[in-house]
Amino acid sequence: MDSVIKQRLLKARKDPVFFGEHFLNNTQMKPYSLEPQQKLFLRDKSPYKILFCSRRSGKTLTMIIDILHNAFFRKNQQIVLLAPTQDQAKTFANVMNDMILRSPMLQSSFIVDNKLEKQLSNGSRINFKTTGAQSGQKQNSAVVGNSVNVLYIDECQAMDAESMSTIMPVVTGQLGQAEIVLAGTPRNRAGFFYNNITNAKTIRESYVDNGKARACPHGGRYSLHRFQITDLDEDGNVAYSRAEYRLSIDELETIKDTIGKEMFLREYALEFLDSISMPYYAELRRMAGFLKEPKYFGSREIAVGGIDFGKRRNNSVLTVATQTPTHDWEAKYFKVWPLGTKYKDITHYLLKILPMQFPNFQTLSIDRTGVGESIAESLEDSVPYNMLDVIFSQPKKVDLVENSINLMESRMVSYYEHPKLGEEMDDYTRETTENERIIYQKGASDDFIDSFNLCNLSISDYIKNGGVKTTPFRSYSLGTNVFGNKQYRQKSRKRWSDYLNKKR
Ligand SMILES: Nc1ncnc2c1ncn2[C@@H]1O[C@H](COP(=O)(O)OP(=O)(O)O)[C@@H](O)[C@H]1O
Ligand SMILES: [Mg+2]
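Residues numbered from 1 in each chain as written. Chains lettered and ligands numbered in written order. Predicted model: local features only at pLDDT ≥ 70, side-chain atom pairs only at ≥ 80, totals over all residues.

Novice: Can you walk me through the pairing of strand E2 (residues 78-83) in this structure?
Specialist: Consecutive side chains along a regular strand alternate between the two faces of the sheet. Of all the 6 residues making up E2, 5 are buried; the element is thus mostly covered by neighbouring parts of the structure. Two elements, E2 and strand E5 (residues 125-130), share 6 bridges in a ladder whose sense is parallel. Its bridge partner being in E5, Ile79 is matched across the sheet by Ile126. Bridge count for E2 against strand E6 (residues 150-153) is 4 bridges, and the pairing is parallel. When the sheet's bridge partners are listed, Val80 is paired in E6 with Leu151. (Buried ≥ 20, exposed ≤ 12 C-beta atoms within 10 Å, placed from the backbone. Helix = DSSP H or I, 4+ residues; strand = E, 2+ residues; numbered from the N terminus. Pairing = 2+ DSSP bridges.)

Structure representation (structure tokens):
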């Protein structure tokens, strides 16, 4: 081998920054010149690292360089990138593919080069995965597998709690074997990502103390890299940009006007939401709540729903969401039964009429507390769809609300804001207690919001576990199956509260 190339390879092996700046080209086919925070991260040899950085600060780019460096210079590595949705995993893979295509030196090393699965001639593999949408995996442990050497999680703040709680024991159980990189922006003051940020081992910021590591009081396991690209001044104007050459102050101002100040502070200035705040904040509602009330109550699309039974003061409300051709969801059907409606009428509706209005109805989440119990019992063996039980309690309520917000923020769900739903969203607040527990306070009524949240739970369940299973013998029979028995669509029934209990 040419000795100059050999020298450069040796240097690249030792220094991921040299690798990034000499072996990888940017979109103008020029070598990258990395920014200080990116260099600091790439040269950090800690096995557990967090990229806690503003949006568009180069997290994805930095991780790709790190992944490629690990894959090229270490043999037989199993490298996995996880993202909250299939789309995000694909986007990440696409950016990496394009980068490889622009860097001819690297291309010949790939012996398997599929979009979501790559293998190099040195035996290292890179896989892109999601734990959620369309993965078809119920057990997240199987998604990650226990032979992983390096696990990267992008947009970690949007990973659902259940996935994180099942993945991380698998990975961290391998006693120092797996290295972990988490990347993300702020979300709530709770959860896996938040906990590891607040309990980091050390923190580094390229613009403080020349990036020297500062010890953190609680002394956790992660080396935290914080990079805040901008901030607002006292008048609410964008004060600076730490990457002005590619993200100008003017551009940041435009972004601020588009997404609103609260979201801007969170996404670009790394501020967690205040300890008392509106979970259903104005920008979120504007972004997601744009649908009109539908003309007809019914649809042939795949549908799921949630029902809250009125107790004492409240009405009973059903929310139905349908799947769009692009696999997003529209929660726009609301049905209300006034206080005093006979429960028999509601069960009749759920049993007979709902499946006619929505012939592809898949999953109904039901509040099992109080009257819900007997209603659920009278329905469970007869309805042609899945039923998901929820027993309300504070922690479960938190999960339900966060689930809705996650789906709305990631654009999976848009909705019609029924005036009553709007009122209830206005009255909903989030409080964090001294020991960091989150409590939601509701207003006078909560029937719409509960039903809406339950509907969103059904959406998440459908994405994860699929809908009503049809029997494999179906096509052989007309009304009866091959055994001569009357044929039913098989239903699965699970208690959502059960798997929540296991997790806690
Ligand atoms: N050092 C750099 N040189 C050139 N472009 C960069 C650099 N760092 C980031 N970028 C570009 O800035 C944009 C945002 O980066 P990205 O990695 O997607 O950020 P994040 O994942 O933090 O949102 C991308 O187009 C990326 O290519
Ligand atoms: Mg990114």
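Novice: Can you walk me through the sheet that holds strand E3 (residues 110-113) in this structure?
Specialist: Strands belonging to one sheet form pairs held by backbone hydrogen bonds; the direction of such a pair is parallel or antiparallel. Strand order in the open sheet formed by 10 strands is E3-E4-E5-E2-E6-E7-E1-E10-E8-E9, with mixed pairing between adjacent strands. The strands lining the two open edges of the sheet, one partner per strand, are E3 and strand E9 (214-215). When strand E4 (residues 117-120) meets E5, the two strands line up antiparallel, connected through 3 bridges. Pairing of Glu117 across the sheet is with Asn127, part of E5.

Novice: Is there a simple way to think about unusual backbone geometry in this case?
Specialist: Leaving glycine out, the prevailing phi sign among residues is negative, and the prevailing peptide bond configuration is trans. Backbone geometry at Leu270 places phi at a positive 60°, although glycine is not the residue there. Looking at where Leu270 falls in the secondary structure, it is placed in the loop between helix H11 (261-269) and strand E13 (276-277). A positive phi is found at His327, a non-glycine position, where the angle reads about 70°. Following the sequence through the fold, His327 ends up in the loop between strand E15 (316-323) and strand E16 (329-337). Exposure remark for His327: the 14 C-beta atoms within 10 Å place this residue in the partly exposed category.

Novice: Looking at this model, I keep getting lost on the packing of helix H10 (residues 249-259) against H11. Mind explaining?
Specialist: Two packed helices can be described by the angle between their axes and the distance between those axes. At a closest axis distance of 7 Å, the pairing of H10 and H11 adopts a crossing angle of 125°. As judged from the angle between their axes, H10 and H11 are oblique. The element H10 and its partner H11 pack so that their crossing is right-handed. Of H11, the residues touching H10 (which contributes Leu252, Ile255, Lys256 and Ile259) are Lys261, Met263, Phe264, Glu267 and Tyr268. For the contact of H10 with H11, the class distribution of residues is 6 nonpolar, no polar and 3 charged. (Axes fitted to C-alpha atoms, helices over the stretch in contact; angles between N-to-C directions. Parallel < 35°, antiparallel > 145°, perpendicular 65-115°, else oblique. Left-handed = near helix turned anticlockwise from the far one by under 90°. Contact = placed C-beta atoms within 7 Å. Nonpolar A, V, L, I, M, F, W, Y, C, P; charged D, E, K, R; others polar.)

That's the geometry; what it means functionally is another story.
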